[in-house]
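# Examination of the molecular architecture
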Amino acid sequence: MKILTINAGSSSMKFSVIELPEEKELINGYFQRIGISGSFYDVKINGEKLHREIDLPNHLVALELLKKEIVELGVVSSLDEIDGIGHRLVHGGEKYANSVIIDDEVLKTCDKFKKLAKLHMPAMLSCIEASKQAFPNTPMVAVFDTSFHQTMQPKEFLYPVPYEWYTKYGVRRYGFHGTSHRFINREISNYLKRDDLKVISCHIGSGASLCAIDSGKVVDTSMGFSPITGIMMGTRPGDIDPSIIQYMMDEADMSIDDVMTALNKQSGLEGICGKSDSRDVENGIASGDEQCILAQEMYTQKVANYIAMYNNELGGADVIVLTAGLGENSKQTRADILEKVASLGIKLDSAKNDFRGEFRLISTDDSSIPVYVIPTNEELMIALDTYELVK
């Protein structure tokens, strides 16, 4: 079966076509600046990258171009060969602990989650509607970022706020990046041939979260009611005192929207050193930029603190896995994080750590906890869920 995966943002859309059960990616692509001037998209097939600059007024136009590309590039001879479409949805609330076939009732329910993820859900649901027009006869599946975290217990997912806030308004820790953490747990469990592992999964990229997993079930995760919380990120602050919000509204005459925009888009690495891309931060460190050095110290310390906390919560982790943009590609960030958890007996092998983007063990033989780098693959998890539901 050939499964199309779609990961939509407000002005972007990633896609891939994966053949299953072989788990073979046939093509992937990324539409950018949808609805914005200067739009374009890139396609990767057979190791070759193709760049197209073209007006992309909306997601439906992007989907029509996607259809054209996969036929003309020979991925399929007919669109009828696409057996299912898997959509990433950032929020499934408490309703969806697993992926589901998309029907009118699912869309009606998901529409209610817009208020829980105002930055992401509207675009994702609009893309599903556009997909229904572009592929009217193809079954579609919703794969939720929040689903994997539904095994958390109340003592972990509840906030110590008035209980009615949870029962009446749904205020609780939901967690995100669940599809990535689920993939990491699957890969390391298969590799070590154990289904009872205690795993600390560290998805550290522009958006970042950690997850404590015991025997395939999430014990705790760093992101909460929204993706702002947890560790410091590219443009988000992670955990902060909520009183700051009211203070800045009063002192700087900011609206609530102004403050939330600052917390979502102007904080984290960006807030400290003016650079949200870790590659720019590392270049700044190399040139002696004190703000970049400070940002790196803050970032890696906060990741290390969560690793230590989750090691305690799990009663001792069996394995730590680093993944996503920095975890997979930044040997400096990996080294800086592991140096800060040396008190746990974790030891980095510097020679093993000198690489990018591969599945590797990077700790020493006598490290108290083995540390791996595993490239994440959310698209494969989306495709696998879609395959299982439509086949």
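Refer to the preceding data block for the structure.
This one's a predicted model, so the numbers in the text were calculated from it and none came from an experiment.

## Observations concerning the packing of helix H2 (residues 104–111) against helix H3 (residues 121–134)
Interhelical geometry of H2 versus H3 gives an angle of 160 degrees and a closest axis separation of 11 Å. Accordingly, the angle class assigned to the pair H2 and H3 is roughly antiparallel. For the pair H2 and H3, the sense of crossing is left-handed. Where H2 approaches H3, its residues Asp104, Leu107, Cys110 and Asp111 are matched on the opposing element by Met121, Leu125, Ile128, Glu129 and Lys132.

## A closer look at the packing of aromatic side chains
Within this structure, the stated rule accounts for 10 aromatic pairs. Plain terms: the ring middles of Phe15 and Phe31 are 5.9 Å apart, the flat faces sit at 40 degrees to each other, and that makes the pair tilted. Here Phe31 lies in strand E3 (residues 24–32) and Phe15 lies in strand E2 (residues 12–19), a separation of 16 residues in the sequence. Pairing Tyr174 with Phe225 gives two aromatic rings, centres 6.2 Å apart and planes at 45 degrees, and the pair type is tilted. Here Tyr174, found in the loop between helix H5 (163–169) and helix H6 (178–192), pairs with Phe225, found in the loop between strand E11 (217–221) and helix H7 (243–251); they are 51 residues apart in sequence, far enough to count as distant.

## Focus on a positive patch on the surface
Side chains of Lys95, Lys108, Lys112 and Lys115 sit close together on the surface and give a patch of like positive charge. On the secondary structure map, Lys115 appears in the loop between H2 and H3. On the accessibility criterion, Lys115 (65% relative accessible area) is exposed.

## With respect to the pattern of salt bridges
Applying the stated criterion across every chain, the model contains 23 salt bridges. With its nearest N and O atoms 3.8 Å apart, the salt bridge here joins Lys2 to Glu81. Of the two residues, Lys2 is situated in strand E1 (residues 2–8) and Glu81 in the loop between helix H1 (59–72) and strand E6 (82–89); the sequence distance between them amounts to 79 residues. The class of Lys2 is buried, set by a relative accessible area of 16%. Residue classification places Glu81 among the partly exposed positions, given a relative accessible area of 26%. One connected set of salt bridges, linked through shared partners, spans Lys2, Glu19 and Glu81.

## Points about the packing of H6 against helix H14 (residues 378–390)
In contact at an axis separation of 8 Å, H6 and H14 are set at 90 degrees when each is read in the N-to-C sense. Between H6 and H14, the crossing angle belongs to the class labelled roughly perpendicular. Note on element contacts: H14 touches H6 through Glu378, Leu380, Met381, Ile382, Leu384 and Asp385, opposite Thr179, Ser180, Arg182, Phe183 and Arg186.

## Re unusual backbone geometry
In this chain, Leu20 is followed by Pro21 through a cis amide linkage whose omega measures 10 degrees. Here Pro21 shows up in the loop between E2 and E3. A positive phi angle, close to 60 degrees, is found at Arg33, a residue other than glycine. One can find Arg33 in the loop between E3 and strand E4 (40–45).

## Some thoughts on helix H11 (residues 290–313)
Between its first and last C-alpha atoms H11 spans 35 Å; for 24 residues at 1.5 Å apiece the expected length is 34 Å, and the two agree. Capping the start of H11 is the job of one residue whose side-chain oxygen sits 2.9 Å from the backbone nitrogen of Gln291: Asp289. In the stretch just after H11, Gly315 is the one whose phi turns positive, near 70 degrees.

## A word on H3
Between its first and last C-alpha, H3 extends 20 Å over 14 residues, near the 20 Å set by a 1.5 Å rise per residue. Along H3, the positions that sit buried rather than exposed are Met121, Ala123, Met124, Leu125, Cys127, Ile128, Ala130, Ser131 and Ala134. The inward-facing, buried residues of H3 abut E1, E2, H1, E6, H2 and strand E8 (140–144).

## Regarding the sheet that holds strand E12 (residues 319–323)
In a beta sheet, neighbouring strands are held together by backbone hydrogen bonds and run either parallel or antiparallel to one another. Strand order in this open sheet of six strands is E11-E10-E9-E12-E14-E13, and the pairing throughout is mixed. Since the sheet does not close on itself, it has two edges, and those belong to E11 and strand E13 (360–361), each with one partner. Pairing between strand E9 (residues 198–204) and E12: five bridges, direction parallel. The residue bridging Val199 from the neighbouring strand is Val319, located in E12. In the packing of H6 onto the sheet, the strands contacted are E9, strand E10 (208–214), E12 and strand E14 (371–373), and the crossing angle to E9 comes to about 135 degrees.

## A few points about the pairing of E9
Where a strand is regular, its side chains alternate between the two sheet faces. Judged by how many residues are buried, E9 sits mostly within the fold: six of seven residues are covered. Direction of pairing for E9 relative to E10: antiparallel, over a ladder of seven bridges. Directly across from Ser201, in E10, lies its bridge partner Cys211. The antiparallel pairing of E9 with E10 creates a hairpin that spans three residues between the two strands.

## A look at the environment of Gln133
Inspection of the secondary structure puts Gln133 in helix H3. Taking relative accessible area as the criterion, Gln133 reaches 55% and is therefore assigned exposed.

## Some words on the pairing of E11
Note: E10 against E11, four bridges, orientation antiparallel. In the sheet register, Ala212 faces E11, and the bridge partner there is Asp220. Hairpin geometry of E10 and E11 is characterised by an intervening segment of two residues between the two adjacent antiparallel strands and by a positive phi of about 55 degrees at Ser215.

The rules behind the values
Residues numbered from 1 in each chain as written. Predicted model: local features only at pLDDT ≥ 70, side-chain atom pairs only at ≥ 80, totals over all residues. Heavy atoms only, no water. Axes fitted to C-alpha atoms, helices over the stretch in contact; angles between N-to-C directions. Helix = DSSP H or I, 4+ residues; strand = E, 2+ residues; numbered from the N terminus. Parallel < 35°, antiparallel > 145°, perpendicular 65-115°, else oblique. Left-handed = near helix turned anticlockwise from the far one by under 90°. Contact = heavy atoms within 4.5 Å. Phe/Tyr/Trp six-rings, centres within 6.5 Å; stacked < 30°, edge-to-face > 60°. Patch = residues over 30% accessible without salt bridge, like charges linked within 9 Å, V, L, I, M, F, W, Y side chains within 5 Å. Areas by Shrake-Rupley, 256 points an atom, 1.4 Å probe, with all protein chains shown as cover. Salt bridge = Lys/Arg side-chain N within 4 Å of Asp/Glu carboxyl O. Lys, Arg positive; Asp, Glu negative; His and termini not counted. Charge placed at Lys NZ, Arg CZ, Asp CG, Glu CD. Buried < 20%, exposed > 50% of the residue type's maximum accessible area, 1.4 Å probe, protein only. Expected span 1.5 Å × (residues − 1). Polar contact = N/O pair within 3.5 Å; in protein donor to acceptor, adjacent residues only side chain to side chain. Pairing = 2+ DSSP bridges.

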